[in-house]
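Examining the three-dimensional arrangement
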Amino acid sequence: NAGVTQTPKFQVLKTGQSMTLQCAQDMNHNSMYWYRQDPGMGLRLIYYSASEGTTDKGEVPNGYNVSRLNKREFSLRLESAAPSQTSVYFCASRTDRVGFSYEQYFGPGTRLTVT
Amino acid sequence: TQLLEQSPQFLSIQEGENLTVYCNSSSVFSSLQWYRQEPGEGPVLLVTVVTGGEVKKLKRLTFQFGDARKDSSLHITAAQPGDTGLYLCAGAQGAGSYQLTFGKGTKLSVIP
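This text gives an overview of the structure that appears in the document. Keep in mind it's a predicted model, so treat the numbers as computed, not measured. (Residues numbered from 1 in each chain as written. Chains lettered and ligands numbered in written order. Predicted model: local features only at pLDDT ≥ 70, side-chain atom pairs only at ≥ 80, totals over all residues. Heavy atoms only, no water.)

**Side note on the sheet that holds strand β3 (residues 19-25) of chain A**
Each strand in a sheet pairs with its neighbour through backbone hydrogen bonds, running either in the same direction (parallel) or in the opposite one (antiparallel). Residue and element names in this part refer to chain A. Selection criterion: In short, DSSP must find at least two bridges between two strands for them to pair. A run of H or I in DSSP counts as a helix once it spans at least four residues, and a run of E counts as a strand once it spans at least two, with each numbered from the N terminus. Every angle, taken between N-to-C directions, lies between 0 and 180 degrees, and every axis is a line fitted to C-alpha atoms, over only the stretch in contact when it is a helix.
Ordered by their spatial adjacency, four strands build an open sheet running β1-β3-β8-β7, and the pairing between neighbours is antiparallel. The sheet terminates laterally at β1 (4-7) and β7 (64-68), the two strands that pair on one side only. Between one strand and the next, the sheet's axes are offset by a mean angle of 20 degrees, whatever the strand orientation.

**Section: the pairing of β1 of chain A**
All names here are of chain A. Going by this rule: Buried residues are those whose accessible area, probed at 1.4 Å on protein chains only, stays under 20% of the maximum for their type, while exposed residues exceed 50% and partly exposed ones sit between those limits.
Here β1 shows a buried face lined by V4 and Q6 and an unburied face lined by T5 and T7. Summarising the sheet, β1 and β3 pair through four bridges and their orientation is antiparallel. Within the sheet, the bridge partner assigned to Q6 lies in β3 and is C23.

**Here's the deal with the pattern of salt bridges**
For clarity, the threshold we go by: What makes a salt bridge here is a side-chain nitrogen of Lys or Arg within 4 Å of a carboxyl oxygen of Asp or Glu, nothing more.
Across all of its chains, the model carries five salt bridges over all chains by this definition. With its nearest N and O atoms 3.1 Å apart, the salt bridge here joins R77 of chain A to E79 of chain A. Ionic pairing is found between R60 of chain B and D83 of chain B, a salt bridge with its closest N-O pair at 2.9 Å. Taken together, the residues span a long stretch of sequence, with R60 of chain B in the loop between β6 (55-58) and β7 (61-65) and D83 of chain B in the loop between β8 (71-76) and β9 (85-92) at a distance of 23 residues. Look at R60 of chain B and you get partly exposed, because its relative accessible area is 25%. Linked through salt bridges whose partners overlap, the residues forming this network are R36, D38 and R44 of chain A.

**Details of the nonpolar core**
The line we're drawing: Working definition of a nonpolar core: buried Ala, Val, Leu, Ile, Met, Phe, Trp, Tyr and Cys residues. They are joined through side-chain atoms within 4.5 Å. The criterion used for residue contact is that any of the two residues' heavy atoms lie within 4.5 Å.
Ranked by size, the top nonpolar core spans 21 residues in total, and within it L19, L32, W34, F63, L74, I76 and L108 of chain B carry the most contacts. Secondary structure elements with two or more residues in this core: β3 (19-24), β4 (31-37), β5 (44-49), β7, β8, β9 and β11 (106-111) of chain B. The residues contacting L74 of chain B, other than those within four sequence positions of it, are L19, T20, V21, W34, L61, T62, F63 and Y87 of chain B. One finds L13, I46, C91 and L112 of chain A within the second-largest nonpolar core, a separate group that totals 20 residues.

**Some details on the state of the cysteines**
To keep things clear, this is the line we draw: Cysteine sulfurs are considered disulfide-paired once they come within 2.5 Å of each other.
Inspection of the entire model under this criterion finds two disulfides over all chains. Disulfide partner of C23 of chain A: C91 of chain A, at an S-S distance of 1.8 Å. Because the torsion about its S-S bond is -70 degrees, the bridge between C23 of chain A and C91 of chain A counts as left-handed. Of the two residues, C23 of chain A sits in strand β3 while C91 of chain A sits in strand β9 (residues 87-94), which places them 68 residues apart along the sequence. On the accessibility criterion, C91 of chain A (0% relative accessible area) is buried. The disulfide that involves C23 of chain B links it to C89 of chain B, with 2.0 Å between the sulfurs. Disulfide C23 of chain B-C89 of chain B: the torsion about the S-S bond is 80 degrees, which places it as right-handed. Note that C23 of chain B is positioned in strand β3 and C89 of chain B in strand β9, a separation of 66 residues in sequence.

This is the structure:
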């Protein structure tokens, strides 16, 4: 049971390049999330998917797109990377246990630098 | 936007000392979680509190949810170097909410 996995672990991009961050979970969770974490800013929600086939914007969606490929996989795409997107990106999934439906489980993160 | 304010932002203590970190809001939350994040890793869930006034213990860590469900505290007894990390609180707005509101965290360093 790997939990939430993310690839790649590290990435350096030049301004204007595109890339896709991959996330997969093996816990049969319905909901999945993408966050970014910046110093002094805490975790900010980019997009989330409440269930397979649905996606919704979070607090900071501009410059990103997402795809819920199936129940297990949720990808984040940067179409034209900007230095302001330098950050650590975390994917998370949410348990559906009755009474504990808000607990989220996080992946190890992708450290992205845009030069 | 509902905000969660964590204090202190940074805390450096000697091994064996006790400490308390706080998570406060003007809004009511249906539940509140505490996570610990170590450098280079993702946050790991420590506990969820759901009832006003609830107290939960996890070894040397004691978590309390305020009676009004607007605040929470984490108390660590006899801190150890292994407790070093970033402690995050996160609250859920209500039944059916898919989003959590995260505080900015308390960075704890326990010096041997």
